[in-house]
Amino acid sequence: MAQTRTATGARDASDARIGSAARVRGRIQGQGNLLVEGHVEGNVTLRGDLTIAEGATVTSEAISAQAVHIAGSLEGNVTASGAVRLASGARVRGDLQGSSIVIDDGARFSGKLDCEFDLPPELGGASQGEARGRASNVSGARR
Amino acid sequence: MASTVIGAGITIEGEIATDEDIVVAGTVRGKLTAKDSVTIEHGATVEADVVGGSLVVGGALTGNVTAQERVDLQSGARVIGNVKAARVTIADGAQFKGSVDMDV
């Protein structure tokens, strides 16, 4: 769908933004990227990237999206088809699943990480790179 | 630039409240409250009671509307519900079913 106005300030017609003064209670779903600067309580299902900005709070049983970038506060489980990044200043309690997971210095996280990756043969003990590893039960705060 | 934008591909079922303005280009079901302006763009679907400082509707809205200042139904708008505001305009080409209360 063509964007008819630029006044919305969204980068794309399908992009969405929950401003810092806004509070959403309920289910959010759909296509396009979502930027949360305010408060969200409820499940989020996106075919797009989710960004939880600094100062934002999200409480959710389940979040599923492509890439997920968290700089704010999140309580809930994340299932990402892309990368998950916890930026410095992020506070996250919940389980994370993604194609890759980055926890920056200064981020606080408590929960499980589920990120499949190939172990090098010398660590996995299996030849031909068949070994697979899985990080789990990571809990702690950095800083 | 609107502080809150519900993009065209996004559906929210529940309650949205903001102290600033909001632009809806997607779908909202439930309740929508804003201190400043509420804009329901052409192509948007809102099935919710709407409370705002002012309201501009270009899309489809089912629900009761209360605005502090004004309500403008643009050409192409399709509104079913009661409208309460001091100033109300209904443009040629807007479809409207419901009552208008200008508090006279």
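Fair warning: this is a prediction, and the values are worked out from it, not measured in the lab.

How each quantity is defined
- Residues numbered from 1 in each chain as written.
- Chains lettered and ligands numbered in written order.
- Predicted model: local features only at pLDDT ≥ 70, side-chain atom pairs only at ≥ 80, totals over all residues.
- Heavy atoms only, no water.
- Helix = DSSP H or I, 4+ residues; strand = E, 2+ residues; numbered from the N terminus.
- Buried < 20%, exposed > 50% of the residue type's maximum accessible area, 1.4 Å probe, protein only.
- Contact = heavy atoms within 4.5 Å.
- Areas by Shrake-Rupley, 256 points an atom, 1.4 Å probe, with all protein chains shown as cover.
- pLDDT = per-residue confidence, 0-100.
- Salt bridge = Lys/Arg side-chain N within 4 Å of Asp/Glu carboxyl O.
- Polar contact = N/O pair within 3.5 Å; in protein donor to acceptor, adjacent residues only side chain to side chain.
- Nonpolar A, V, L, I, M, F, W, Y, C, P; charged D, E, K, R; others polar.

## Some words on the overall build of chain B
Part 1 of the reasoning: A tally of regular secondary structure across chain B gives 0 helices and 13 strands.
Part 2 of the reasoning: Tracing chain B from N to C terminus, the helices and strands come up as β-β-β-β-β-β-β-β-β-β-β-β-β.
Part 3 of the reasoning: Considering chain B as a whole, with its 104 residues, one finds that 47% of them fall into the buried category.
Part 4 of the reasoning: A sequence separation of at least 24 residues applies to 0% of the contacts in chain B between residues at least 6 apart.
Part 5 of the reasoning: For chain B, the accessible surface area stands at approximately 4,600 Å², while carbon and sulfur atoms represent 46% of it.

## Observations regarding the environment of Ala87(A)
All names here are of chain A.
Part 1 of the reasoning: By the secondary structure assignment, Ala87 is in the loop between β10 (83–86) and β11 (91–93).
Part 2 of the reasoning: Separated by 20 residues in the primary sequence, Ala87 and Ala107 have C-alpha atoms spaced 5.9 Å apart.
Part 3 of the reasoning: With residues near it in sequence (within four places) discarded, Ala87 still touches His69, Ile70, Ala71, Asp104 and Ala107.

## Concerning the confidence of the model for chain A
Part 1 of the reasoning: Residues with a pLDDT of 70 or more make up 77% of chain A, whose mean pLDDT is 83.
Part 2 of the reasoning: A low-confidence stretch, residues 1–10 of chain A (pLDDT under 50), is modelled with 19 contacts involving residues beyond four sequence positions or located in other chains.

## Focus: the environment of Phe117(A)
Residues and elements named next belong to chain A.
Part 1 of the reasoning: Tracing the backbone shows Phe117 in strand β16 (residues 116–118).
Part 2 of the reasoning: For Phe117, a relative accessible area of 35% gives the class partly exposed.
Part 3 of the reasoning: Taking C-alpha positions, Phe117 is 8.5 Å from Ser99, a pair spaced 18 residues apart along the chain.

## Considering the interface of chain A and chain B
Part 1 of the reasoning: Tallying the contact residues gives 27 residues for chain A and 26 residues for chain B.
Part 2 of the reasoning: For the pair chain A and chain B, the number of links is 1 salt bridge.
Part 3 of the reasoning: Taking the shortest distance from any N to any O, the salt bridge between Arg27(A) and Glu13(B) comes out at 2.7 Å.
Part 4 of the reasoning: Remark: the boundary between chain A and chain B carries 12 residue pairs in polar contact (both at pLDDT 80 or more).
Part 5 of the reasoning: Sorting the residues of the side of chain A that touches chain B by element identifies β1 (16–18) and β2 (22–31) of chain A as the ones contributing at least two each.
Part 6 of the reasoning: Broken down by element, the residue count for the side of chain A that touches chain B peaks at 10 residues, all from β2(A).
Part 7 of the reasoning: When the residues that make up the side of chain A that touches chain B are grouped by side-chain class, the tally is 11 nonpolar, 9 polar and 7 charged.

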